[in-house]
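# Summary of the model geometry
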Amino acid sequence: MSENKIPYKIYLEESEMPKQWYNVRSDMKKKPAPLLNPGTLEPMTVDELSGVFCRELAMQELDDTTAYIDIPDEIRDFYKMYRPSPLVRAYCLEKKLDTPAHIYYKFEGNNTSGSHKLNSAIAQAYYAKKQGLKGVTTETGAGQWGTALSMACSYFDLDCQVYMVKVSYEQKPFRREVMRTYGAKVTPSPSMETEIGRKINAEFPGTTGSLGCAISEAVEAATTQEGYRYVLGSVLSQVLLHQSVIGLETKAALDKYGIKADTIIGCAGGGSNLGGLISPFAGEILRGENNYEIIAVEPASCPSLTRGVYAYDFCDTGKVCPLAKMYTLGSGFIPSANHAGGLRYHGMSSIVSELYDQKIITARSVEQTSVFEAAETFARVEGILPAPESSHAIRVAIDEALKCKETGEEKNIVFGLTGTGYFDMVAYQKYNDREMSDYIPTDEDLQKSISAMPKVDK
Ligand SMILES: *Cc1c(COP(=O)(O)O)cnc(C)c1O
């Protein structure tokens, strides 16, 4: 097929949008390790999880076997406002790099929340509404998840309470105001509204908070208010399930033009966009039907896959959540100042962790300034101002394309462009002023939080 036949943007028809999510766990012979009750160390049951999560979501969380799960019409109707999202052929970037590689990116930033997180937010809000709940609580770090959830809750007329890491609350007032515009109540964390918040404030006066701490507050708020449940925007298997819409659309768009991806790249914070993007492709690998090189990209400042340990750990600082087996740096790990807020989590999705352990996927860590260099190159030729998180994937896509320049290979490289960076201009400013640092934790730094992890013999 002549090159010109592949358009800049491959759009799917509305009717081609997936009708079901794909659950990659169904094709894994060795399943991800179960969530454990932190008290008994026994696997969590649907009943136990239902105290914290909506029941239907608790069922999805524990479902290791159903391959396809119907996307309810109400959710598909919402998806139709901003999906199918385009798969873009990065002709301009290819030209700039002078590479024989063909580069494609799946753009998830084309909605007001500015990221892929809306794909799961709307699903979680839907199940909460269906269960007759009054509202949901959550935490947000950089603010993308809180924004997505506030949009989803306003659509279904649910109350939305967001605990926002204090440092972001103060540094990102515009994110906060978007959430409030959609009707969410935004509280800086640690707050004085929860027991755990008061405890953390007393222990660490003046602390600017962390994601793990905000999670503990949001869980407490959900379990102490009648008619509320807690929702989470990443890490959980239910979130990867909802995000599989990204991978299914990507695959459908590639198939439409007979394109076989060789390398698939995604940034990895908690692993949800990566897990969603790669699910259908990983499924083919697991079923022995095809081969792909899959690369998870994480910041060198928070390297859970490349330098963490694969073990049971707490998901939050307050240690109220179930234990998850994952690649982790320890729940006490606090990454250095890094501008990709969405990639600052200490652990990783248990599905992504298990796929990594089985060597179905690989991982790479990249330094912040080289990430912003890639972001700048991309923005200047492709027009989109990428989120710092997304730019981790851009960095490795560029690196791979430059390798092809040396070898002459015409590889098809596909990466996930998870969002836009309009609310991250302080980070861009630091980069433009050459004031950005590249702190990489030492082995001693990591050992401290890793040795404080729970000792679970499973
Ligand atoms: C939250 C976020 C991420 C990282 O989260 P994952 O769960 O690892 O996908 C990446 N990109 C953007 C734009 C985000 O908002």
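Below is a summary of the structure that appears in this document. Everything numeric in this text was worked out from a predicted model, so none of it was measured. (Residues numbered from 1 in each chain as written. Predicted model: local features only at pLDDT ≥ 70, side-chain atom pairs only at ≥ 80, totals over all residues. Heavy atoms only, no water.)

### Quick notes on the packing of aromatic side chains
According to the stated counting rule, one finds 17 aromatic pairs in the structure shown. Arranged with centres 5.1 Å apart and planes meeting at 70°, the rings of Y126 and Y127 form a pair that is edge-to-face. Members of the aromatic cluster, connected to one another through ring pairs, are F78, Y79, Y82, Y126, Y127, Y155 and F156. Across the ring face of Y169, the terminal group of R176 is positioned such that the distance to the ring centre comes to 4.6 Å. Lying across the ring of Y310, K325 places its NZ or CZ 4.5 Å from the centre. (Phe/Tyr/Trp six-rings, centres within 6.5 Å; stacked < 30°, edge-to-face > 60°. Lys NZ or Arg CZ within 6 Å of the ring centre and 35° of its normal.)

### So, the site of the ligand
The ligand sits among 18 residues. The nearest are K117, S234, G269, S272 and T418. For the ligand, an oxygen atom lies 3.3 Å from a polar atom in the side chain of Q144. Residue T418 places a side-chain N or O atom 2.7 Å away from a nitrogen atom belonging to the ligand. Burial of the ligand by the surrounding chains reaches 98%, relative to a free accessible area of 380 Å². (Near = heavy atom within 4 Å. Polar contact = N/O pair within 3.5 Å; in protein donor to acceptor, adjacent residues only side chain to side chain. Areas by Shrake-Rupley, 256 points an atom, 1.4 Å probe, with all protein chains shown as cover.)

### Description of helix 9 (residues 195-203)
Turning to helix 9, its buried residues are I196, G197, I200 and N201. For helix 9, the angular spread of the buried residues around the axis is 135°, confining them to a single face. Exposed residues lying more than 90 degrees from the buried face of helix 9 are E195, K199, A202 and E203. Among the structural elements, helix 7 (166-171) and helix 10 (211-224) are those in contact with the buried residues of helix 9. (Buried < 20%, exposed > 50% of the residue type's maximum accessible area, 1.4 Å probe, protein only. Helix = DSSP H or I, 4+ residues; strand = E, 2+ residues; numbered from the N terminus. Arc of directions from axis to C-beta. Contact = heavy atoms within 4.5 Å.)

### Details of the environment of R176
Here R176 shows up in helix 8 (residues 173-181). R176 sits 11 residues away from T187 along the chain, and the two C-alpha atoms are 9.4 Å apart. Excluding residues within four positions of it along the chain, R176 makes contact with M164, Y169 and V186. One polar contact links R176 to E177, side chain to side chain, over a distance of 3.4 Å.

### Looking at empty space enclosed by the protein
A water-sized probe, rolled over the atoms, reveals where empty space remains. All chains considered together, the criterion is met by 3 cavities of 30 Å³ or more. Taken as a whole, the largest cavity holds about 80 Å³ of empty space. Together, 14 residues line the largest cavity, and S301, N338, Q368, D438 and Y439 are the ones closest to its centre. Here the residues of the lining of the largest cavity sort into 6 nonpolar, 6 polar and 2 charged. (1 Å grid on protein atoms, 1.4 Å probe; cavity = no way out; pocket = protein on both sides within 12 Å on 5 of 7 lines; lining within 4 Å. Points joined across faces, edges and corners; volume = space filled by probe spheres on them. Nonpolar A, V, L, I, M, F, W, Y, C, P; charged D, E, K, R; others polar.)

### As for the pairing of strand 6 (residues 135-140)
In terms of burial, strand 6 is largely enclosed, as 6 of its 6 residues are buried. What you see with strand 6 is no split at all: G135, T137 and E139 on one side and V136, T138 and T140 on the other are buried throughout. Looking at chain direction, strand 6 and strand 7 (residues 159-165) are connected through 6 bridges and run parallel. Its bridge partner lying in strand 7, G135 is registered against D159. Each parallel crossover has a hand, and for strand 6 linked through helix 6 (residues 144-156) to strand 7 it is right-handed. With 3 bridges connecting them, strand 6 and strand 9 (residues 228-230) associate as parallel partners. Each bridged residue has a counterpart across the sheet, and for T137 the counterpart in strand 9 is Y230. (Pairing = 2+ DSSP bridges. Right-handed = clockwise from strand over helix to strand, strands pointing away.)

### Re the pattern of salt bridges
According to the stated counting rule, one finds 24 salt bridges in the structure shown. In this structure, K256 engages E16 in a salt bridge whose closest nitrogen and oxygen atoms are separated by 3.0 Å. Of this pair, K256 sits in helix 11 (residues 237-256) while E16 sits in the loop between strand 1 (9-10) and strand 2 (20-22), placing them 240 residues apart in sequence. Take K256: its relative accessible area is 39%, and that puts it in the partly exposed class. Several salt bridges converge on common partners, so that one network encompasses R83, K106, E108 and E249. (Salt bridge = Lys/Arg side-chain N within 4 Å of Asp/Glu carboxyl O.)

### Topic: the environment of P188
You can see P188 is positioned in strand 8 (residues 185-189). Spatially, the C-alpha atoms of P188 and D424 are 19 Å apart, while their sequence positions differ by 236 residues. Not counting residues up to four positions away in its chain, the partners in contact with P188 are M164, K166 and Y169.

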